[in-house]
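Breakdown of the fold
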Amino acid sequence: MSLSNIYKKKPLVHCITNTVAANFTANGLLAIGASPIMADEAIEAEEMVRIADALLLNIGTLHETTAKTMLIAGKAANKKGIPVVLDPVAVGASLYRQQIVKEILAQIQIDCIRCNVGELAVIAGVPWESRGVDSGEGQIDIIETAKLVANTYNTLVFVTGSTDIVTNGKETFQIQGGNERITQVTATGCLLSAICAAGLAADDRNVATLQAVSSSYKRAAELAGEQPYIGSFQISLLNALERLSQGEKEWTLL
Ligand SMILES: Nc1ncnc2c1ncn2[C@@H]1O[C@H](COP(=O)(O)OP(=O)(O)OP(=O)(O)O)[C@@H](O)[C@H]1O
Ligand SMILES: Cc1ncsc1CCO
């Protein structure tokens, strides 16, 4: 699996995502050759799933209405058999988010939970000092906790950080590299979750696909380079994703 597989297959990703990430996610999916559709209205959810190759559920700016749409779309996606990715953004920030994530995990078979370590801790029910959309503070054995969550919900788990961890509960891979600058640009994790959905639609629905997505995204962050300002880093990241997807091997300064 590589980003060029997504570029060839052009999966349509139905994104129910947050208002911060929507535009960047749409551009990022286009950069890798996937097709985005942002749609969070319950009335049209089943029709959207009917045309989609993958579904993304991202709770970053959760509303009662989007929560309802997520449950309808998630069930329709399970019925159709397309991959569903959950990004539990800031799940530790409110009891409401925790309740909705619980409902999603109880009612929908999720193929991949893509989260940071703080979100992982909350889903696993282990103590953690949450800090909004950032990871926050705490000490957990990330690999064991990710495996526990994977086995509990029969899902793949992808935990991001300076080292990414992907697991199916049995096999686990650690992916290093990237560029710390990426953490200063908002919604880069949200875009990554959408790319996971595209990857799982374009290729095998397994941990090796997530390992490839992780290393490609970290490589794109490296190739985006040391930009002086975050605006240029964000654009460079999109450019790097497009060039990687097209299988470019030679790099000039972006
Ligand atoms: N310290 C770091 N050094 C290098 N890369 C990092 C570091 N922390 C995270 N990353 C990378 O940043 C990308 C996004 O992961 P991150 O953990 O920031 O997601 P997130 O918290 O869900 O992001 P967001 O909420 O902004 O969408 C991943 O590719 C991850 O590998
Ligand atoms: C800043 C922010 N707030 C809610 S979602 C989001 C995007 C990064 O997760």
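It should be noted that the structure appears before, not after, this text.
For the structure given in this document, a descriptive report is provided here. (Residues numbered from 1 in each chain as written. Chains lettered and ligands numbered in written order. Predicted model: local features only at pLDDT ≥ 70, side-chain atom pairs only at ≥ 80, totals over all residues. Heavy atoms only, no water.)

Broken down by element type, the protein chain carries 10 helices and 10 strands. For the protein chain, the C-alpha atoms occupy an extent of roughly 45 × 45 × 35 Å along the three principal directions. Counting over 254 residues, the protein chain shows a buried share of 52%. Long-range pairs, those at least 24 residues apart, make up 69% of the contacts in the protein chain with a sequence separation of at least 6. For the protein chain, the exposed area adds up to about 11300 Å²; of that, 50% sits on carbon and sulfur atoms. Taken together, the 20 basic and 26 acidic charged side chains of the protein chain have centroids lying 4 Å from each other. (Helix = DSSP H or I, 4+ residues; strand = E, 2+ residues; numbered from the N terminus. Buried < 20%, exposed > 50% of the residue type's maximum accessible area, 1.4 Å probe, protein only. Contact = heavy atoms within 4.5 Å. Areas by Shrake-Rupley, 256 points an atom, 1.4 Å probe, with all protein chains shown as cover. Lys, Arg positive; Asp, Glu negative; His and termini not counted. Charge placed at Lys NZ, Arg CZ, Asp CG, Glu CD.)

Right, let's get into the nonpolar core. If you look at the biggest cluster of nonpolar residues, it comprises 85 residues, and the most contacted ones within it are Leu57, Ile195, Leu237 and Leu241. Broken down by element, the residue count for this core peaks at 10 residues, all from helix 8 (residues 188–202). Apart from the residues within four sequence positions on either side, Leu237 is in contact with Phe24, Ile182, Thr188, Tyr217, Ala220, Ala221 and Ala224. (Core = buried A, V, L, I, M, F, W, Y, C linked by side-chain atoms within 4.5 Å.)

On to the side chain of Thr188. Topologically, Thr188 is positioned in helix 8. Take Thr188: its relative accessible area is 10%, and that puts it in the buried class. A polar side-chain atom of Thr188 sits 3.4 Å from the main-chain carbonyl oxygen of Ile182. If near-sequence neighbours (up to four positions away) are discounted, Thr188 is found in contact with Phe24, Ile182, Tyr217 and Leu237. (Polar contact = N/O pair within 3.5 Å; in protein donor to acceptor, adjacent residues only side chain to side chain.)

Every residue close to ligand 2 is listed here: Asn18, Val20, Gly60, Thr61, Val89, Val133, Thr186, Ala187 and Cys190. Here ligand 2 loses 75% of its free accessible area of 290 Å² to cover by the protein chains. Residues belonging to the shell around ligand 2 are distributed by class as follows: 5 nonpolar, 4 polar and no charged. (Near = heavy atom within 4 Å. Nonpolar A, V, L, I, M, F, W, Y, C, P; charged D, E, K, R; others polar.)

Tallied over the full model, the rule gives 5 salt bridges. Lys218 is paired through a salt bridge with Asp164; the nearest N and O atoms lie 3.9 Å apart. With a gap of 54 residues between them, Lys218 in helix 9 (residues 207–224) and Asp164 in strand 9 (residues 164–167) connect regions that are remote in the sequence. On the basis of relative accessible area, Lys218 is assigned to the buried category, the value being 10%. A relative accessible area of 4% means that Asp164 is categorised as buried. For Glu222, the salt bridge is made with Arg219, and the minimal N-O distance between the two is 3.1 Å. Separated by 3 residues within a single helix, Glu222 and Arg219 lie in helix 9, roughly one turn from each other. (Salt bridge = Lys/Arg side-chain N within 4 Å of Asp/Glu carboxyl O.)

Within the open sheet, the 8 strands sit side by side as 2-1-3-4-5-8-9-10. Their pairing is mixed. Both edges of this open sheet fall to strand 2 (35–38) and strand 10 (172–175), since each of them pairs with a single strand only. Neighbouring strand axes in the sheet, compared pairwise and without regard to direction, differ in orientation by 20° on average. Sheet topology places strand 1 (residues 12–16) next to strand 3 (residues 54–58); 4 bridges connect them, and they run parallel. Looking at the pairing, Ile16 lines up with Leu57 of strand 3. Where helix 6 (residues 117–124) meets the sheet, it contacts strand 4 (84–87), strand 5 (112–116) and strand 8 (156–160), and its direction lies at approximately 120° from that of strand 5. This element, helix 8, spans strand 1, strand 3, strand 4, strand 5 and strand 8 of the sheet and lies at about 165° to strand 4. (Pairing = 2+ DSSP bridges. Axes fitted to C-alpha atoms, helices over the stretch in contact; angles between N-to-C directions.)

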